[in-house]
Amino acid sequence: MIRTVIVDDEPLARAGLRVLMEAEPDIEIVGEAEDGAAAVALITAARPQLVMLDVQMPGGDGFEVLRGIAETHLPVVVFVSAHDQFAIRAFDVHALDYLLKPVVPERLAECLRRVRIELASEVRAGAQALARLLDSGDPRPSELPRRFAVRERDRYVLVPCERIRSIEAAGNYVELHADGRTHLLRSTMAEVLRQLDPQRFARIHRSWIVNIERVASVAPSGNGDFDVSLDDGTVLQMSRNYRDALLPRV
């Protein structure tokens, strides 16, 4: 049996998750907590294998709960939240998964499949990495992100920055073009650019950012503008107002 603790400050959310999880034959709910302090005490005492952990709670958020138990017990952690802005931070502390409320049975089933695989592994790499990160405080607080957490329906896809070929403005969103796929991220071009390595990425147009390592050639197209060809054959227009951001670096 997988000994499990549910941590959430909303009674209805705890009850709903308990009903879904108790339908699984190998899940045993050994306790519930409604705030951070109670969660630390319960996890330390019960030593569950799995914790379904809400992010925002009174008495310490989910990340503070992890710091509180790091020296005594590190279970498999699945974050559960009604908000998606914590997703990348959750993955940075090596949470196994990040579920959005309301949790749907199909998504929970997929999550628990991953939990079983992790628990069956002889080497809990996620727990070891989590311990190291919690030891040093917040993960990479002053560094640029290495990846973006992009929501796709009720789950998240992690898109490594080095795999991004180009980024396109799309209203209140941006489109990350990577590995032949397009991922929609709610952000602005200016916000995304601030999060990218300036040595690797350059804005070439009000609607385009490119990965400099993916640029195959740059050629004048008239009126002071340029055609930027990427390594997959895509050709983008570079405005003359942005040429100094790219031309000296290719």
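Keep in mind that what you see is a predicted model, and the values were worked out from it rather than measured. (Residues numbered from 1 in each chain as written. Predicted model: local features only at pLDDT ≥ 70, side-chain atom pairs only at ≥ 80, totals over all residues. Heavy atoms only, no water.)

**Things to note about helix α3 (residues 62-69)**
Moving on, step 1. Burial in α3 covers these residues: G62, F63, V65, L66 and I69. Burial along α3 is one-sided: seen end-on, the buried residues are contained in an arc of 155°.
Moving on, step 2. For α3, the capping residue at the N-terminal end is D61, with a side-chain oxygen 3.0 Å from the backbone nitrogen of F63. (Buried < 20%, exposed > 50% of the residue type's maximum accessible area, 1.4 Å probe, protein only. Helix = DSSP H or I, 4+ residues; strand = E, 2+ residues; numbered from the N terminus. Arc of directions from axis to C-beta. Polar contact = N/O pair within 3.5 Å; in protein donor to acceptor, adjacent residues only side chain to side chain.)

**Some words on the confidence of the model for the protein**
Moving on, step 1. A residue-level look at the protein finds 88% of positions with pLDDT of 70 or above and a mean pLDDT of 86.
Moving on, step 2. Across residues 138-142, where pLDDT falls below 50, the model places eight contacts with residues more than four positions away in sequence or in other chains. (pLDDT = per-residue confidence, 0-100. Contact = heavy atoms within 4.5 Å.)

**What about the pattern of salt bridges?**
Moving on, step 1. Taken as a whole and judged by the stated rule, the model has 16 salt bridges.
Moving on, step 2. Of the charged contacts in the structure, one is a salt bridge between K101 and D8, with a shortest N-O distance of 2.7 Å. With a gap of 93 residues between them, K101 in the loop between β5 (97-100) and α5 (105-120) and D8 in the loop between β1 (2-7) and α1 (11-22) connect regions that are remote in the sequence.
Moving on, step 3. Here D8 falls in the buried class, since its relative accessible area comes to 4%. (Salt bridge = Lys/Arg side-chain N within 4 Å of Asp/Glu carboxyl O.)

**Quick word on the side chain of H183**
Moving on, step 1. As for its position among the elements, H183 is in strand β10 (residues 181-185).
Moving on, step 2. Dropping the residues within four chain positions of it, H183 is found in contact with V150, E152, V157, V159, V174, E175, L176 and A178.

**Remarks on the nonpolar core**
In globular proteins that are soluble, nonpolar side chains generally tend to be buried together.
Moving on, step 1. Counting residues in hydrophobic clusters, the biggest one holds 26 residues, and the most contacted among them are V7, L53, F63, L66, F79 and Y98.
Moving on, step 2. Those elements that provide at least two residues to this core are β1, α2 (36-46), β3 (50-54), α3, β4 (76-81), α4 (87-92) and β5.
Moving on, step 3. Residue contacts for F63: discarding those within four places in its chain leaves V55, F79, F86, R89, A90 and V93.
Moving on, step 4. Ranked by size, the runner-up nonpolar core spans 18 residues in total, among them M21, M52, L96 and L108. (Core = buried A, V, L, I, M, F, W, Y, C linked by side-chain atoms within 4.5 Å.)

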